[in-house]
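Each chain, letter by letter, is given below.
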Amino acid sequence: AWAVRALTTFHQCQSRYLEGAELLANAIRLLERNAQVEVNASALATCLIRSSNLAVRLGRPAEAEQSLERAQRFYDLLPHQYRHNVVHVQIACMILRLVQGDYERAAALAQDARLQAQQQNDLFAISPTLYGSASAALALGKYEQARDYAEQGLALMESIGDHWMSISAHDILGQIACV
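Residues numbered from 1 in each chain as written. Predicted model: local features only at pLDDT ≥ 70, side-chain atom pairs only at ≥ 80, totals over all residues. Heavy atoms only, no water.

(A) Representation of the overall build of the protein chain. Looking only at helices and strands, the protein chain features nine helices and zero strands. When the helices and strands of the protein chain are read in sequence order from the N terminus, they spell out α-α-α-α-α-α-α-α-α. Buried residues in the protein chain amount to 46% of all 179 residues. For the protein chain, contacts bridging at least 24 residues in sequence account for 54% of all contacts bridging at least 6. Element-wise, carbon and sulfur atoms account for 53% of the exposed surface of the protein chain, whose accessible area totals about 9400 Å². (Helix = DSSP H or I, 4+ residues; strand = E, 2+ residues; numbered from the N terminus. Buried < 20%, exposed > 50% of the residue type's maximum accessible area, 1.4 Å probe, protein only. Contact = heavy atoms within 4.5 Å. Areas by Shrake-Rupley, 256 points an atom, 1.4 Å probe, with all protein chains shown as cover.)

Put into structure tokens, the structure is as follows:
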């Protein structure tokens with residue numbers, strides 16, 4: 001799963017979404033061939049979340065939704081102590097809702113995912129939830145709230161070296177400044 005993460009990140013950064021989607025589809029097929037799918041449940045869920053991200057970029061929201069539903073089902077197969085990554089399904093759902101313009105639902109998902117990430121002290125999961133909250137608030141015209149989330153996110157992102165997300169926070173702050 002870690003190799004697939006690295007390769008799909010490369011494909012996304014290079015805007016080679018179709019190649020990344022094909023790579024993930026192959027990885028998912030290989031993992032599903034294992035007679036003991038439960039053994040590969042976490043790896044399958046990770047691949048499905050990444051597949052969802054690429055489907056969003058390719059303008060395939062129904063495919064993204066299906067991937068996320070499948071990812072959740074695989075996480076449900078895991079014993080409780082191994083379900084900590086389920087927050088990434090919520091984050092991917094949040095992003096999908098943002099892209100679809102369902103800002104109220106995106107805000108709720110961001111809040112739920114942030115609470116879960118805070119309980120796990122997963123700073124790298126908190127970061128995109130703050131971005132999601134800021135984006136949803138901005139789209140809903142709640143500029144002060146959007147600024148607060150973006151500033152919180154920027155401080156966190158810079159403290160953990162999450163440069164990709166800090167660019168997004170700067171973008172939101174720039175959009176607010178133009179309003």
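(B) Structural context of the layout of surface pockets. Put simply, the second largest pocket is a space of about 170 Å³. Looking at the second largest pocket, the residues that line it are Ala21, Leu24, Ala25, Ile28, Leu48, Ser51, Arg60, Glu63, Gln66, Ser67 and Arg70. (1 Å grid on protein atoms, 1.4 Å probe; cavity = no way out; pocket = protein on both sides within 12 Å on 5 of 7 lines; lining within 4 Å. Points joined across faces, edges and corners; volume = space filled by probe spheres on them.)

(C) Structural context of the packing of helix H8 (residues 143–160) against helix H9 (residues 163–177). At a minimum axis distance of 9 Å, the contact between H8 and H9 shows a crossing angle of 155°. Comparing the axis directions of H8 and H9 gives the class roughly antiparallel. Like other packed secondary-structure pairs, H8 and H9 cross with a definite hand, here left-handed. Only Met165, Ser166, Ala169, His170, Ile172, Leu173 and Ile176 of H9 make contact with H8, whose side of the interface consists of Tyr143, Ala146, Arg147, Ala150, Glu151, Leu154, Met157 and Glu158. (Axes fitted to C-alpha atoms, helices over the stretch in contact; angles between N-to-C directions. Parallel < 35°, antiparallel > 145°, perpendicular 65-115°, else oblique. Left-handed = near helix turned anticlockwise from the far one by under 90°.)

(D) Expanded view of the nonpolar core. Judged by nonpolar contacts, the single largest core of 50 residues is most densely connected at Ile49, Leu68, Tyr75, Val89 and Met94. For this core, the elements supplying multiple residues, two or more each, are helix H2 (17–33), helix H3 (41–57), helix H4 (61–77), helix H5 (87–100), helix H6 (103–119), helix H7 (123–139), H8 and H9. When residues in this core are grouped by element, the largest group, ten residues, is from H3. (Core = buried A, V, L, I, M, F, W, Y, C linked by side-chain atoms within 4.5 Å.)

(E) Expanded view of the side chain of serine 133. Looking at the element boundaries, serine 133 is found in helix H7. A distance of 3.0 Å separates the side chain of serine 133 from the side chain of arginine 114, its partner in a polar contact. Non-local contacts of serine 133, meaning those with residues more than four positions away in its chain, are made with Ala110, Gln111, Arg114 and Tyr149. (Polar contact = N/O pair within 3.5 Å; in protein donor to acceptor, adjacent residues only side chain to side chain.)

(F) Main features of the packing of H3 against H5. Axis separation between H3 and H5 bottoms out at 10 Å; the angle between their running directions is 10°. Viewed along their axes, H3 and H5 adopt a mutual orientation that is roughly parallel. On H5, the residues that touch Ile49, Asn53 and Val56 of H3 are His88, Val89, Ala92, Leu96 and Val99. Class assignment for the residues of the contact of H3 with H5 results in six nonpolar, two polar and no charged. (Nonpolar A, V, L, I, M, F, W, Y, C, P; charged D, E, K, R; others polar.)

(G) Spatial organisation of the environment of alanine 117. Positionally, alanine 117 belongs in helix H6. Among the residues examined, alanine 117 registers a relative accessible area of 0% and is labelled buried. For the pair formed by alanine 117 and serine 127, sequence separation is ten residues and the distance between their alpha carbons is 9.4 Å.

(H) Seen up close, the pattern of salt bridges. Inspection of every chain in the model, using the stated rule, returns three salt bridges. Between glutamate 65 and arginine 97 there is a salt bridge; the shortest N-O distance is 3.0 Å. Linking glutamate 65 in helix H4 with arginine 97 in helix H5, this pair joins segments that are 32 residues apart in sequence. Glutamate 65 gets classed as partly exposed once you look at its relative accessible area, which sits at 22%. Across the salt bridge formed by arginine 147 and glutamate 144, the nearest N and O atoms sit 2.7 Å from each other. With arginine 147 and glutamate 144 both in helix H8, this residue pair falls three residues apart, about one helical turn. (Salt bridge = Lys/Arg side-chain N within 4 Å of Asp/Glu carboxyl O.)

Coordinates in, geometry out; function isn't part of it.
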